[in-house]
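# Residue-level structure breakdown
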Amino acid sequence: MSLSPYQPSEDQTHVEETLPHVPLDQLARRIFLAWERLRIVYNSVLVITVLCVGTIYYLQYRPTALPLTGILGIIIPCIGANLCFFAGPIVETYVAWLGNRTETLRLILMLLGTGLSMLIAIVWTILLLNPQL
């Protein structure tokens, strides 16, 4: 082991050997394409969540009419949820660009982001269907 400050340490050498040097545009493209496949899962989970909450609400309260704001009020949050979805690939691309492996990070970001979005979707749906709250 060399004591020269200009020689890379063994840890740095190992990282440089295991992580390929990929141009940022290729790295981002690969990561964003992987996340686009996950978007189908993300949107499916949110649709199922909203449908389940809506069904439970209607079975419990038996309202006579669907509030128009409920239908229109779901469109904007759907767009917002898909815009927030971009946080995952952006964070992963940044971490990968810094030279770190990101397979586990992708799973963690997907689970946390989907869980938070589900919670927001549940609260939002309840508030739209029951404006007295």
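Up top is the structure these notes are about.
Attention in this report is confined to the structure presented alongside it.

Conventions we followed
- Residues numbered from 1 in each chain as written.
- Predicted model: local features only at pLDDT ≥ 70, side-chain atom pairs only at ≥ 80, totals over all residues.
- Heavy atoms only, no water.
- Salt bridge = Lys/Arg side-chain N within 4 Å of Asp/Glu carboxyl O.
- Helix = DSSP H or I, 4+ residues; strand = E, 2+ residues; numbered from the N terminus.
- Buried < 20%, exposed > 50% of the residue type's maximum accessible area, 1.4 Å probe, protein only.
- Expected span 1.5 Å × (residues − 1).
- Phe/Tyr/Trp six-rings, centres within 6.5 Å; stacked < 30°, edge-to-face > 60°.

### Here we look at the pattern of salt bridges
Going through the model one piece at a time under the given rule, you end up with 2 salt bridges. R39 is the partner of E36 in a salt bridge, and the nearest nitrogen-oxygen pair spans 3.0 Å. Of the two residues, E36 and R39 both sit in helix α2 (residues 24-61), 3 residues apart, roughly one turn of that helix. A residue is classified by how much of its surface remains accessible, and R39, at 13% relative accessible area, is buried.

### Quick look at helix α5 (residues 103-129)
Along its 27 residues, α5 runs 39 Å from first to last C-alpha, staying within 8% of the 39 Å computed at 1.5 Å per residue. Listed in full, the buried residues belonging to α5 are M110, T114, S117, A121, T125, L128 and L129.

### Digging into the packing of aromatic side chains
Under the definition given, this model contains 6 aromatic pairs. With a centroid separation of 4.9 Å and an interplanar angle of 45 degrees, the aromatic rings of Y57 and Y61 are classed as tilted. Separated by 4 residues within a single helix, Y57 and Y61 lie in helix α2, roughly one turn from each other. Of the residues examined, Y57 reaches a relative accessible area of 13% and is grouped as buried. Overall, the relative accessible area of 48% leaves Y61 in the partly exposed class.

These results come straight from atomic positions and should not be treated as a statement about function.
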